[in-house]
Amino acid sequence: MSNIGTVGVVGAGQMGNGIAHVCALAGYDVFLNDVSEDALEQGMKTIEANMSRQVSRSMISPDDMTTALKRIQPGTSLEPFGKVDLAIEAATEKREVKEAIFKSLCDVVPERTYLATNTSSISITRLAATTDRPEKFIGLHFMNPVPLMKLMEVIRGLATDQDTYEMALGFAKALGKTTTNAEDYPAFIVNRVLVPMINEAVYALYEGVGTVESIDTAMKLGANHPMGPLELADFIGLDTCLSIMQVLHDGLADTKYRPCPLLVKYVEAGWLGRKAKRGFYDYRGDAPVPTR
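- The name recorded for the protein chain in an unreviewed UniProt entry is 3-hydroxybutyryl-CoA dehydrogenase, from Henriciella mobilis.

What follows is the structure, encoded as structure tokens:
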């Protein structure tokens, strides 16, 4: 990866700080950007805590952690991105927000810089078209939690050139990720399969087929899933699940992708899952308690 030395990450939330974490451990200098100082502070605390956990499990050495943390420079300005070789957007799953970020990035990054999005569902071709370099634009969909999950979906837009694609494969390899190629269709592979399953679990709850606890237990013990679908939805974020279902429903025009009204209701209430302390489970006590 001789052509990538410095990486910029926009968004210090759950995905962004995870991407910064793995990039720094892989030896890249990282600029971590967010519009919020609080988000940056929390993001850096999360990175440090997650690296400490890796040290305690002998996955990395204390020296690895110290060196990696020094490689990450947080900030609210995009000005440092004038030095990056690859800029990765990891903001909220809203097309308008992502498009605005890429327009701002194009004002500051050099012509040589590759652009990537961590979107989990939105058209790569559409996002690329908002930039001045669609041929150097690609989808790099990391899985959550980024430091632990081995997969990266690589999605080419209509204009993505071969050089950019090969850069993405080399970058993923340097991070220790296994890649799978997905075509640029709504939600790609993982979320095309996973999120409708979660939505169906919410329908089962909505229709009274089972309780939160019984649905999750059934899928953990009956399908050998490590986490029940409603617990997983809380982990992902119910707003993200809803956004993905809306992209699928709008993009494929099939009623089987209609978001469950109960999922919509939870998002309207602000019960977004773990990050909001309430979702299908209430996380405000010592142990999660089902909310239905």
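After that view of the structure, there is still more to cover.
**Concerning the pairing of strand β7 (residues 151-156)**
Now for step 1: Both strand β6 (residues 137-142) and β7 contribute to a ladder of five bridges, which runs antiparallel. In the sheet register, Leu140 faces β7, and the bridge partner there is Val154.
Now for step 2: Sheet analysis places β7 next to strand β8 (residues 178-182), joined by five bridges and oriented parallel. By the bridge assignment, Ile155 is partnered in β8 with Ala182.
Now for step 3: With helix α6 (residues 162-174) bridging β7 and the parallel β8, this β-α-β connection has right-handed handedness.

**Section: the sheet that holds strand β2 (residues 29-33)**
Now for step 1: The eight strands are arranged β3-β2-β1-β4-β5-β6-β7-β8 in an open sheet whose pairing can be described as mixed. Single-partner strands in this sheet number two, and they are β3 (72-75) and β8. Strand-to-strand twist across the sheet, computed as the mean angle between neighbouring axes with direction ignored, equals 25 degrees.
Now for step 2: In terms of strand pairing, β2 meets β3 through four bridges, oriented parallel. Its bridge partner lying in β3, Asn33 is registered against Gly75.
Now for step 3: Strands in contact with helix α3 (residues 62-71) are β2 and β3; relative to β3, the strand with the most contacts, it is inclined by about 40 degrees.

**Section: the packing of helix α8 (residues 212-222) against helix α9 (residues 229-236)**
Now for step 1: α9 packs onto α8 with a crossing angle of 100 degrees between their chain directions and a minimal axis gap of 7 Å. Of the possible angle classes, the one that applies to α8 and α9 is roughly perpendicular. Here Val212, Ile215, Asp216, Met219 and Lys220 of α8 come into contact with α9, specifically with Pro229, Leu230 and Glu231.
Now for step 2: Split into classes, the residues belonging to the contact of α8 with α9 amount to five nonpolar, no polar and three charged.

**Overview of the UniProt feature "site: Important for catalytic activity" (unreviewed entry) in the protein chain**
Now for step 1: The positions that UniProt labels "site: Important for catalytic activity" (unreviewed entry) are, in the present scheme, His141.
Now for step 2: Turning to its location among the elements, His141 is positioned in strand β6.
Now for step 3: Under the relative-accessibility criterion, His141 is labelled buried at 5%.
Now for step 4: Not counting chain neighbours up to four residues away, the residues in contact with His141 comprise Thr117, Asn118, Thr119, Ser120, Leu151, Met152, Glu153, Ile155 and Asn191.

**Considerations on the UniProt feature "domain: 3-hydroxyacyl-CoA dehydrogenase C-terminal" (unreviewed entry) in the protein chain**
Now for step 1: UniProt feature "domain: 3-hydroxyacyl-CoA dehydrogenase C-terminal" (unreviewed entry): in the numbering of this structure it lies at residues 188-283.
Now for step 2: Helix makes up 62% of residues 188-283 and strand 2%. Its end C-alpha atoms lie 31 Å apart.

**Digging into the environment of Pro147**
Now for step 1: One can find Pro147 in the loop between β6 and β7.
Now for step 2: Considered as a pair, Pro147 and Ala20 are 127 residues apart in the sequence and their alpha carbons are 9.5 Å apart.
Now for step 3: Once residues within four sequence positions are removed from consideration, Pro147 is found in contact with Gly18, His21, Val22, Gln54 and Lys177.

About the thresholds
Residues numbered from 1 in each chain as written. Predicted model: local features only at pLDDT ≥ 70, side-chain atom pairs only at ≥ 80, totals over all residues. Heavy atoms only, no water. Pairing = 2+ DSSP bridges. Helix = DSSP H or I, 4+ residues; strand = E, 2+ residues; numbered from the N terminus. Right-handed = clockwise from strand over helix to strand, strands pointing away. Axes fitted to C-alpha atoms, helices over the stretch in contact; angles between N-to-C directions. Contact = heavy atoms within 4.5 Å. Parallel < 35°, antiparallel > 145°, perpendicular 65-115°, else oblique. Nonpolar A, V, L, I, M, F, W, Y, C, P; charged D, E, K, R; others polar. UniProt positions renumbered as here; feature names shortened; annotations may be inferred. Buried < 20%, exposed > 50% of the residue type's maximum accessible area, 1.4 Å probe, protein only.

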